[in-house]
Every structure is written in structure tokens, then in C-alpha cells.
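As a plain string of letters, each chain reads:
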Number of protein chains: 2
Amino acid sequence: MSPGNIPQYRQLYETLRRHIVDGLYREGDLLPSENELCKLHGLTRPTVRKSLDLLAHEGFIKRHQGLGSVVHKLPKGIGILSISGTTTAIGKENLETRTIIRPGLSPWPDDFPFSLSDNEREAGCMHFTRLRLVNGKPVIYDISYIPNINLPRFSARNLNNKSLFNILRAAYRIEVKGGEQYIKAINAPDPEICRILDIKHDTPVLHLQRRIDTSRLNFYIYSILYCNTSDHSLYGIF
Amino acid sequence: MSPGNIPQYRQLYETLRRHIVDGLYREGDLLPSENELCKLHGLTRPTVRKSLDLLAHEGFIKRHQGLGSVVHKLPKGIGILSISGTTTAIGKENLETRTIIRPGLSPWPDDFPFSLSDNEREAGCMHFTRLRLVNGKPVIYDISYIPNINLPRFSARNLNNKSLFNILRAAYRIEVKGGEQYIKAINAPDPEICRILDIKHDTPVLHLQRRIDTSRLNFYIYSILYCNTSDHSLYGIF
DNA sequence: CAGTGGTCTAGACCACGGT
DNA sequence: CCGTGGTCTAGACCACTGC
């Protein structure tokens, strides 16, 4: 009975999500009722509800008892505060990713903002940086650190315009599950980063430190981001 | 059979949550298994799982198939990016709230960052501001706007050291359900805010624009925040 | 009132981790 | 191998919205 290992609630979620972002449902529209979705897709209500839970959790719909599931306005900022990488909002067309420093082995930085396990320390880390551009303008500089554990040939892979998360899933069957982040406002720290982001020395930027959970036990991805938010706010739901 | 209108999954969630923040379970500990929790509390597994979904969603636990529910390290920043007000992290002892501008009616600002419905425009808005201090130092300046719809005697209420959300629930039976936010880094905008946050003119601060959903249909709370993050990062999960 | 989402039960089978 | 969480079924009753 297994339809290819992807759970049914996930499939329904993807379908509805695509319909929303493609504009088939518009802001304020009602989704079909839960019972209708059950009949349409041959599922039971708990399964359908799980799909809707996901959509509501990510801000695509809002549910009202007695009324239905209302489609939410799509956000206008960069959806980096949620999961699924940066790509959620804005529309992929405008988003570009360039690798600045290609993946390579390096020691962990001395001032690393997260505490590391002994395993992680011993393994050393893969280090690489990427620049995200919106409409050709640099917006986010992303410095990534990945423990060098069981990732054969990782450094040979091309990260341009591909989601790091997709590579991890396809090549190593590692699913990203969420994470935690610390956010600050700072003045652009060093001349190198100012040059990369094309900003002046005293420009305020967002500074994010993230630890990203994966489906592999005790395997985390670390990321430090500098964001020029003068033209694009970051967007999140809570 | 109704135990006072609070759902059972919510009660179990609150219980487990309290046990975690009180230190009864510590970082890395395993929670009782789902089946054990069923027996302990006389619930079925879907109900227990809903409690654990909530805990996982808010970052208190992380679940691993085949292993169990692992208690997560408690965050060190200010948990303002999630729900439940600002109070989640840091420990209540250090957090203080002062009302700067008491609630009063005022017109909506001209440059309001969210689009307002006709209903909201006509109703006018309650406006007030609060300052959040950590260890006696100002950290967050919160400017709130609430549509003046069916909120009798709101301006008479004292907001000091009480959660706005608690007042809404207790006095008006309005539950806060989530929301969306736009985040930027800016230089402290005007002398008034610099004075209130006790910072210099060119200090970078976090700027948050939030629209908060409630259980009342088409009733939103709006909030603009300025955060001095030089000593305390904001913390969030995703 | 009918229809909606919110809560809950009592089972089932599967994939995965640790032993 | 056993116990864990992940998925799913087929029902039930309730609270709320709109008419």
C-alpha cells in the first residue's frame, strides 16, 4: 500500500501548498472542508487534518471553527526565519545563489558560537560560504559549517543555485528537521563582508547564528548569516 | 466529562512543559515513552502525541524514532520570536515591564506598516507602549496598536508586569494564536527611542513589525518593536 | 438549523534505534 | 529482538459560524 515512502499527509500538503502559491486559491478563499478533502483524496480526517496543520503552521492558511480554512496572504519578505531554506518567499525567479568559498576542510573557528560535542570536534568541519542575491543585489552572506562525518565527496558538489538541503537529502538521505537561531542587529563587522554585501562600513545588518537539526542523530549543521535588510525584511511566522 | 474546557492534550503539554523548565527533566533526558504517558494520564496515543507535537514545535523536546523524546537545552536568548509573549526564556525573575504610554484612543498612524480593513480603520485604535527591561536594563521598546472593537474599559487596565495576552484571555476571552513578523536591522531611528532604550544615536537595533492573530475572527493586534540586542540576542526556533 | 473545525477514542501496521 | 516514535483508519461528540 505504500505510495513510495512519502506519507499521504505530506503529499496532500504539497498539493494544497502548490495550489496556494500558484494562485489557484487566493487570499481569503476557503479551502475545501476537511470532509470534502477526505472524499476527494480518499483519506480519513486525522490524515487530512495533519496536512492542514502543516499548512497552518507555515502560515499558508488560518483555520476558523465553524467557518473553514482561509487562505492567507503570501508574505512579502524573505522567508529565511522558517524552514526550507531561503527560497520560500519572493519567488524563485529573483533569487540567486553564488558560492564564494568552495567546500573544504578546515578547523573549527576558535570563537564558534555553539558548543560542540567531542565527536564534532574530532571530525573537523567542512566550511563554505554562499551569497544570496535578490534581483542581482547581494542580500545574505551565509557562512556554513558542517561536521565532517560520513559525507563522502561532499566538497566536489556544486552548490550554485541548488539548495544545500536538497543535496543532503538526495545524496546522503539527511532530512533537515528544524533548528534554533540567535538574532542580533550589528554594524557590518569587517571590510570583507562589507565588500561582499556591497555596503558601507557602518551599515546595520542582521546577524544570525543557527544550529540546524537533521534526521541523523546528533548531526547538526551550523550557519552564520549576515543580512542586509535595507531593501528586504526577513519574514517569519510564530 | 469536560474537565473545565481546557483540552486534555493542552493540560498534558502544560504539565510536561513545567517539568522541563523547572528542571525535573534535564537536557538530554528522555521523556516517558508515548505509551507510558498514555497509561500515566489515561489518554490515548493521538492525544498524547498532540501534546508532544506542541512541545517539539516550541523547541522543548526533540523526537527520534526508535529512541524517544529527548529534552532540549533551554535557550539563552529572549524568546520573543515565538509565541507566549516575551516571557518564555531568560527566567521571569530578570524580566520587568513598564508602561511608558498608557492605553488611549488615537488615530491609526499614517505610515502604518500593515494594510487595515475598513472595519479596523473606522473603529480607531487603542495605542500604548511598554518597555521591557532585563536585569534593570532596557532592551525592548514595544509600541502596540489594537483596534478599538468591543474592548470595554481596556484603557483602565494596568499592564505592568502582566502579559497583555493574559488580560485579553481573562477579560475578553480572546486567545492569541500566532502571527507574522517582518524583521530588519536599522540604526536607532529617533532621539526619543534612543533615550528610552538608553543607547547612542547610531546604535544598530532590531526592528520588528508584527501582526498577531487571535481567536476572534478578523481581530488582529499590531506591534512594532525596537530591540537593543547588544547584550541579549533574540532567540527563535524554526 | 446544517456545516465547519476542535477534540478524542481504540485500535492497526510500519521504520528505526539500541541491545 | 523489543520498544520507540511515525503513519493511518473509522468512527464519535462537541463548539462555533453563518444562515
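The coordinates are above.
Note that the structure is a prediction, hence the values are computed from the model and not measured. (Residues numbered from 1 in each chain as written. Chains lettered and ligands numbered in written order. Predicted model: local features only at pLDDT ≥ 70, side-chain atom pairs only at ≥ 80, totals over all residues. Heavy atoms only, no water.)

**Describing helix α3 (residues 45–57) of chain B**
All names here are of chain B. Our working rule: Secondary structure elements are taken from DSSP: a helix is a run of H or I of four residues or more, a strand is a run of E of two residues or more, and numbering for both begins at the N terminus. Under the convention used throughout, the expected extent of a helix is 1.5 Å for every residue step, that is, one less than its residue count. Summary of the burial criterion: residues with accessible area below 20% of their type's maximum are buried, those above 50% are exposed, and those between are partly exposed, where the area comes from a 1.4 Å probe applied to protein chains only. By definition, the arc is the one covered by directions from the helix axis to the C-beta atoms. Between two residues, a contact is recorded if the distance between any of their heavy atoms is within 4.5 Å.
Helix length check: α3, at 13 residues, gives a terminal C-alpha distance of 18 Å against a target of 18 Å (1.5 Å per residue), a fit within 8%. Regarding α3, the residues found buried are Val48, Ser51, Leu52, Leu54 and Leu55. The buried residues of α3 occupy an angular sector of 150 degrees when projected down its axis, which confines them to one face. Of the surrounding elements, those touching the buried residues of α3 are α1 (8–21), α2 (34–41), β1 (61–64) and β2 (68–71). Just downstream of α3 lies glycine 59, where phi reads positive at about 85 degrees.

**Quick word on unusual backbone geometry**
Residue and element names in this part refer to chain B. Even without a glycine there, the phi angle at aspartate 198 is positive, about 60 degrees. Turning to its location among the elements, aspartate 198 is positioned in the loop between α6 (191–197) and β7 (204–214). Of the residues examined, aspartate 198 reaches a relative accessible area of 63% and is grouped as exposed. For asparagine 218, which is not a glycine, the phi torsion comes out positive at approximately 60 degrees. According to the relative accessible area criterion, asparagine 218 is exposed, its value standing at 54%.

**Examining the pairing of strand β4 (residues 125–134) of chain A**
Residue and element names in this part refer to chain A. Where we set the bar: When DSSP finds two or more bridges between a pair of strands, those strands are recorded as paired.
Among the 10 residues that make up β4, 10 are buried, leaving the element largely enclosed by the rest of the structure. Residue alternation in β4 divides its side chains into two sets, Cys125, His127, Thr129, Leu131 and Leu133 and Met126, Phe128, Arg130, Arg132 and Val134, and both sets are buried. Sheet topology note: the β4/strand β5 (residues 137–147) ladder contains 10 bridges and is antiparallel. By the bridge assignment for β5, leucine 133 is matched with proline 138. Between β4 and β5, which pair antiparallel in sequence order, lie 2 residues; one of them, asparagine 135, sits at a positive phi of approximately 55 degrees.

**Thoughts on the interface of chain B and chain A**
Short version of the rule: By buried area we mean the combined loss of accessible area, with a 1.4 Å probe, across both parts when two parts are placed together. We define a salt bridge as a side-chain nitrogen of Lys or Arg found within 4 Å of a carboxyl oxygen belonging to Asp or Glu. Polar contact is the term for a pair of N or O atoms within 3.5 Å; when the atoms are in protein, one must be able to donate a hydrogen and the other to accept it, and sequence-neighboring residues count only if both atoms are side-chain atoms. Under this grouping Gly is polar, as are all residues other than the nonpolar Ala, Val, Leu, Ile, Met, Phe, Trp, Tyr, Cys and Pro and the charged Asp, Glu, Lys and Arg.
Opposite the 45 residues of chain B that make contact, chain A presents 45 residues. Across the chain B/chain A interface, buried area totals approximately 3,700 Å², and carbon plus sulfur atoms make up 54% of it. Linking chain B to chain A there are 4 salt bridges. Between A:Lys73 and B:Glu180 there is a salt bridge, with its nearest N and O atoms 3.4 Å apart. Our count for the contact surface shared by chain B and chain A stands at 16 residue pairs in polar contact (both at pLDDT 80 or more). Residue assignment for the side of chain B that touches chain A shows that the elements contributing at least two residues are α3, β1, β6 (176–187), β7 and β9 (234–237) of chain B. No other element matches β6(B), which puts 11 residues into the side of chain B that touches chain A. Looking at the side of chain B that touches chain A residue by residue, the classes come out as 18 nonpolar, 14 polar and 13 charged.

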